[in-house]
2 protein chains.
Amino acid sequence: MTVLILTSEEDVTADMVVVHLNGAGVPVVRLDPADLTGSVALSGEYVHGAFRGHLSAAGRLVSIGGLRSIWVRRPGPPATRAPAPSSWLTEEASQALYGMLRGSDACWMNHPDAARRARHKPWQLRLAQRSGLPVPATLITTFPQAAREFAARYPDLVVKPVSGAHPQDPPRAVPTSRVAPDTDFSAVAYGPTLLQRRIAKRADIRLTVVGDRMLAARKAVADDADPDEVDVRFAVNSLSWCPVDVPPRVADAVGAYMAGAELAYGAFDFAEDADGTWWFLECNQSGQFGFVEVDTGQPIARSVAEWLARPDPRRRAGVDGADTAVR
Amino acid sequence: MTVLILTSEEDVTADMVVVHLNGAGVPVVRLDPADLTGSVALSGEYVHGAFRGHLSAAGRLVSIGGLRSIWVRRPGPPATRAPAPSSWLTEEASQALYGMLRGSDACWMNHPDAARRARHKPWQLRLAQRSGLPVPATLITTFPQAAREFAARYPDLVVKPVSGAHPQDPPRAVPTSRVAPDTDFSAVAYGPTLLQRRIAKRADIRLTVVGDRMLAARKAVADDADPDEVDVRFAVNSLSWCPVDVPPRVADAVGAYMAGAELAYGAFDFAEDADGTWWFLECNQSGQFGFVEVDTGQPIARSVAEWLARPDPRRRAGVDGADTAVR
């Protein structure tokens, strides 16, 4: 049983995981869908009620039925490095590759449907509420009057994008910023705006979840920190990430979130306030983990490798793969 | 409880369904996400563990918590008719709108995840096999040698796109065509190619499924039909669609397919051979039904309206919506 890793050629995070898989003697095939129809090829046959499919990458052939797990790391858009790329070829190659893989019995980290759903921040906030995680009061609106009333109730606000990175080339992260007290909200009518009560935080928390394993790291806010630097990605902070225990109530709620989201991997960001409460900010289903592993020494890459290499519980239980639901 | 219809302004199929909903006195809000942030506005607030959201369209305000069902008909990309459209605004508006709707308890026809998955033809073929539907021998490949061997085994083949319509502007359907006996398959290496055994058909079958209701129509192939006209969408045929019973074995298999695909609506295309076997060709989760209803008089629009208006089984059973999984 082989582990399939879909990612670009230069990906040191994937390299870290491959080292662990190689060490454990687990067969791995790594490919970038962008290399379809160049160094990557595919074939699948539907005959007499059965499917037999193969992928070939760098001269290695692997059976789709023999895939244990699929790690969707940082794959390029299919066939974009083909000799004559086009949007039509990318669409055809994408449907062919993912259409076949979706019909396999492999475990996904993460399944494309779960990954796509998990990117919706409004949905994240609702799921976090339902899972029992504390969520800072948040408004997403195109009504200027709703924004004004919210700002009257919660005078200390931050604003952040609803969707994430700005789609320029290369995409750029849009920082979370504080809202000035005298802000004119009339421009809210021209685009959905996400306003959130600012948490006066004493630390940032990054909780990395791999299957049912939870690895939390904490980075204290420096005593002389500028209170306008609310976004940990952009703040200047010489302190480093340290391992921290996950409070049992948080662990239960995060477990419920992961189950509801049908995710195998998730990187949660929390803000820890003066009372020690962890406020849910977001869960990034494809969040980087290299920087946390470097700072804390936590075995995240090894946990990913072990999850990818674990025996499929369906096969272990003797369930015939052909009878399980196609997802 | 309100029915939300997401579609463009000119959509006679939606008009047909709205007539039935109006006749039954069911509240309906119809809007095109393309009109965000013009005539369509949204607002949602996450406070104290709860969510309260609203949509406004053409001056009408509807609570997201009060949505009974959501029909994703032919919505435009969000905010594309805004005063200053951009890909960034479309992304933000899309995440805001669908992110909020995904957190609601409404029933979807069809859920965006199920709809997206259902477009993958290789996945369709595998699910059809697993559901017990006869599937013509099919090969999807970038290996010329695999294509040659398949053509040797099945000399009478058709070729069709893996993905569907060509993404030109406006998109154009690519017809299914017969493969000439002396075809050179070396170009297969440049793009995934779908080859399928041609079914010598005596009729086309269109089976429309709405919830657990199945309405089948049959269009005989004319006696003087050109055998090269394999694609019913492009064939010249003066015969019309007639209602036909669904064989019980097909009904069971189609029910399994719909459940496996998590679809509330699906339009199945079959080819009926000389033995009367219905061969699965595809299931279009957004297939048109107006032309079948006009020819056959089958109550498809009414069935859609009744599905959209039915009481939510979760609410009927007294289950608290807040405890159900967010999908």
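Each value, and the rule that gives it
- Residues numbered from 1 in each chain as written.
- Chains lettered and ligands numbered in written order.
- Predicted model: local features only at pLDDT ≥ 70, side-chain atom pairs only at ≥ 80, totals over all residues.
- Heavy atoms only, no water.
- Salt bridge = Lys/Arg side-chain N within 4 Å of Asp/Glu carboxyl O.
- Helix = DSSP H or I, 4+ residues; strand = E, 2+ residues; numbered from the N terminus.
- Buried < 20%, exposed > 50% of the residue type's maximum accessible area, 1.4 Å probe, protein only.
- Least-squares fit on C-alpha atoms with pLDDT ≥ 70 in both.
- Contact = heavy atoms within 4.5 Å.
- Expected span 1.5 Å × (residues − 1).
- Arc of directions from axis to C-beta.
- Axes fitted to C-alpha atoms, helices over the stretch in contact; angles between N-to-C directions.
- Parallel < 35°, antiparallel > 145°, perpendicular 65-115°, else oblique.
- Left-handed = near helix turned anticlockwise from the far one by under 90°.
- Phe/Tyr/Trp six-rings, centres within 6.5 Å; stacked < 30°, edge-to-face > 60°.
- Pairing = 2+ DSSP bridges.
- Buried area = accessible area lost by both parts, 1.4 Å probe.
- Polar contact = N/O pair within 3.5 Å; in protein donor to acceptor, adjacent residues only side chain to side chain.
- Core = buried A, V, L, I, M, F, W, Y, C linked by side-chain atoms within 4.5 Å.
- Right-handed = clockwise from strand over helix to strand, strands pointing away.
- pLDDT = per-residue confidence, 0-100.

J.: I tried to follow the pattern of salt bridges on my own but got confused; where do I start?
T.: Between side chains of opposite charge, pairing is possible as soon as their charged atoms come close. A full pass over the atoms with the stated rule returns 34 salt bridges over all chains. For Arg 198 of chain A, the salt bridge goes to Asp 156 of chain A, with nearest N and O atoms at 3.0 Å. Of this pair, Arg 198 of chain A sits in the loop between β11 (193-197) and β12 (201-210) while Asp 156 of chain A sits in the loop between α5 (144-153) and β9 (157-160); the two residues are 42 residues apart in sequence, bridging distant segments of the chain. Two residues, Arg 202 of chain A and Glu 272 of chain A, come together in a salt bridge whose shortest N-O distance is 2.6 Å. Taken together, the positions of Arg 202 of chain A in strand β12 and Glu 272 of chain A in strand β15 (residues 265-273) put the pair 70 residues apart, joining distant regions of the chain. What makes Glu 272 of chain A buried here is its relative accessible area of 4%. Among the charged side chains, a network of salt bridges with common partners joins Arg 102 and Asp 113 of chain A together with Arg 117 and Glu 262 of chain B.

J.: What is the right way to read the relation of the copies chain B and chain A from this model?
T.: Two copies of one chain are present, and they are related through a rotation about an axis combined with an axial shift. The operation relating chain B to chain A is a screw motion whose rotation component is 180°, with 0.0 Å of axial translation and a residual RMSD of 0.0 Å. The superposition of one copy onto the other is thereby described by a two-fold rotation axis. Taking the C-alpha atom as reference, chain B places Asp 113 of chain B closest to the rotation axis, 3.0 Å from it. A high fraction, 100%, of the interface residues of chain B reappear at the interface in chain A, so the copies pair face to face through one surface.

J.: How do you make sense of helix α1 (residues 12-23) of chain A when you look at a structure like this?
T.: Note: α-helices contain 3.6 residues per turn, so residues at a spacing of three or four share the same orientation. Residue and element names in this part refer to chain A. The terminal C-alpha atoms of α1, which comprises 12 residues, lie 17 Å apart, in line with the 16 Å expected from a rise of 1.5 Å per residue. Thr 13, Ala 14, Val 17, Val 18 and Leu 21 are the residues of α1 that are buried. All buried residues of α1 lie within an arc of 130° about the axis, which places them on one face of the element. Away from the buried face of α1 by more than 90 degrees, exposed residues Val 12, Val 19, Asn 22 and Gly 23 are located. Buried residues along α1 sit in contact with β1 (2-6), β2 (28-31), β6 (67-72) and α8 (300-309).

J.: What exactly am I supposed to notice about the packing of helix α4 (residues 121-131) of chain A against helix α6 (residues 248-261) of chain A here?
T.: Packed helices, taken two at a time, are described by the angle between their axes plus the distance between the axes. Residue and element names in this part refer to chain A. Running from amino to carboxyl end, α4 crosses α6 at an angle of 130°, the nearest separation of the two axes being 8 Å. It follows from the interaxial angle that α4 and α6 lie oblique. For the crossing formed where α4 meets α6, the hand is right-handed. For the pair formed by α4 and α6, the contact residues are Trp 123, Gln 124, Leu 127, Ala 128 and Ser 131 on the first element and Ala 253, Ala 256, Tyr 257, Gly 260 and Ala 261 on the second.

J.: Looking at this structure, I do not really get the packing of aromatic side chains. What am I missing?
T.: Here a ring pair, both rings aromatic, is described through the centre-centre distance and the interplanar angle of the planes. One pass over the structure, following the stated rule, counts 20 aromatic pairs over all chains. An angle of 70° between the planes, with centres 6.3 Å apart, marks the rings of Phe 268 of chain B and Phe 280 of chain B as edge-to-face. Taken together, the positions of Phe 268 of chain B in strand β15 (residues 265-273) and Phe 280 of chain B in strand β16 (residues 278-284) put the pair 12 residues apart, joining distant regions of the chain. The same class applies to Phe 268 of chain B as to Phe 280 of chain B, namely buried. An angle of 45° between the planes, with centres 5.5 Å apart, marks the rings of Phe 270 of chain B and Trp 278 of chain B as tilted. We note that Phe 270 of chain B, like Trp 278 of chain B, is buried. An aromatic cluster of three or more residues is present, and its members are Tyr 257, Phe 268, Phe 270, Trp 278 and Phe 280 of chain A.

J.: Whenever I open this one, the sheet that holds β15 of chain B confuses me. Can you help?
T.: Think of a sheet as strands paired side by side through backbone hydrogen bonds, with each pair either parallel or antiparallel. Residues and elements named next belong to chain B. In space, the 5 strands of this open sheet follow the order β14-β13-β12-β15-β16, with antiparallel pairing throughout. Here the strands that pair on one side only, and so sit at the sheet edges, are β14 (242-244) and β16. Ignoring strand direction, the axes of neighbouring strands in this sheet form an average angle of 30°. Sheet topology places strand β12 (residues 201-210) next to β15; 9 bridges connect them, and they run antiparallel. Directly across from Ala 203, in β15, lies its bridge partner Glu 272.

J.: What is the right way to read the interface of chain B and chain A from this model?
T.: For interface size, the figure often reported is the accessible area lost on association. Listed by partner, the interface residues are 73 residues for chain B and 74 residues for chain A. Between chain B and chain A the total buried area reaches about 6,100 Å² when both faces are included, carbon and sulfur atoms providing 56% of it. A salt bridge links Asp 105 of chain A to Arg 130 of chain B, with the nearest nitrogen and oxygen atoms 3.3 Å apart. Across the contact surface, chain B and chain A share 25 residue pairs in polar contact (both at pLDDT 80 or more). The set of elements that each furnish at least two residues to the side of chain B that touches chain A consists of β3 (40-47), β4 (50-57), α2 (87-102), α3 (112-118), α4 (121-131), β8 (138-141) and α5 (144-153) of chain B. Take the side of chain B that touches chain A: its biggest share by element is 12 residues, from α2 of chain B.

J.: Got a minute to help me understand the sheet that holds strand β16 (residues 278-284) of chain A in this structure?
T.: Residues and elements named next belong to chain A. As summarised here, the arrangement of the 5 strands in space is β14-β13-β12-β15-β16, forming an open sheet in which the pairing is antiparallel. Looking at strand neighbours, the two that pair on one side only are β14 (242-244) and β16, the edges of this open sheet. Between one strand axis and the next, the sheet turns by 30° as a mean value, whatever way the strands run.

J.: Explain the environment of Ala 106 of chain A to me, please; I cannot follow it from the model alone.
T.: Residue and element names in this part refer to chain A. In this fold, Ala 106 is placed in the loop between α2 (87-102) and β7 (107-109). Among the residues examined, Ala 106 registers a relative accessible area of 6% and is labelled buried. A sequence separation of 34 residues divides Ala 106 from Val 72, and the C-alpha atoms of the two residues are 12 Å apart.

J.: Honestly, the nonpolar core in this entry has me stumped. Any pointers?
T.: One recurring pattern in soluble globular proteins is that nonpolar side chains are buried together. Ranked by size, the top nonpolar core spans 54 residues in total, and within it Leu 101 of chain A together with Tyr 257, Phe 268, Phe 270 and Phe 280 of chain B carry the most contacts. With 7 residues, the top contributor of residues to this core is α2 of chain A. Within the second largest apolar cluster, 53 residues are counted, among which are Leu 194, Val 254 and Cys 283 of chain A together with Leu 6 of chain B.

J.: How do you make sense of the pairing of β2 of chain A when you look at a structure like this?
T.: One face of the sheet, then the other: side chains in a regular strand alternate in exactly this way. Residues and elements named next belong to chain A. Sheet topology places β1 next to β2; 4 bridges connect them, and they run parallel. Looking at β2, one finds that Leu 4 is bridged to Val 29. The β-α-β motif built from β1, the intervening α1 and the parallel element β2 has right-handed crossover chirality.

J.: Help me out: how do you make sense of the confidence of the model for chain A in this one?
T.: As a general rule, the predicted coordinates of low-pLDDT regions are not to be interpreted in detail. All names here are of chain A. Predicted confidence across chain A gives a mean pLDDT of 90, with 91% of residues reaching 70 or more. Of the regions scoring below 50 in pLDDT, residues 316-327 engages in 24 contacts with residues more than four places distant in sequence or in other chains. Across the whole predicted complex the pTM is 0.91, and at the interface the ipTM reaches 0.88.

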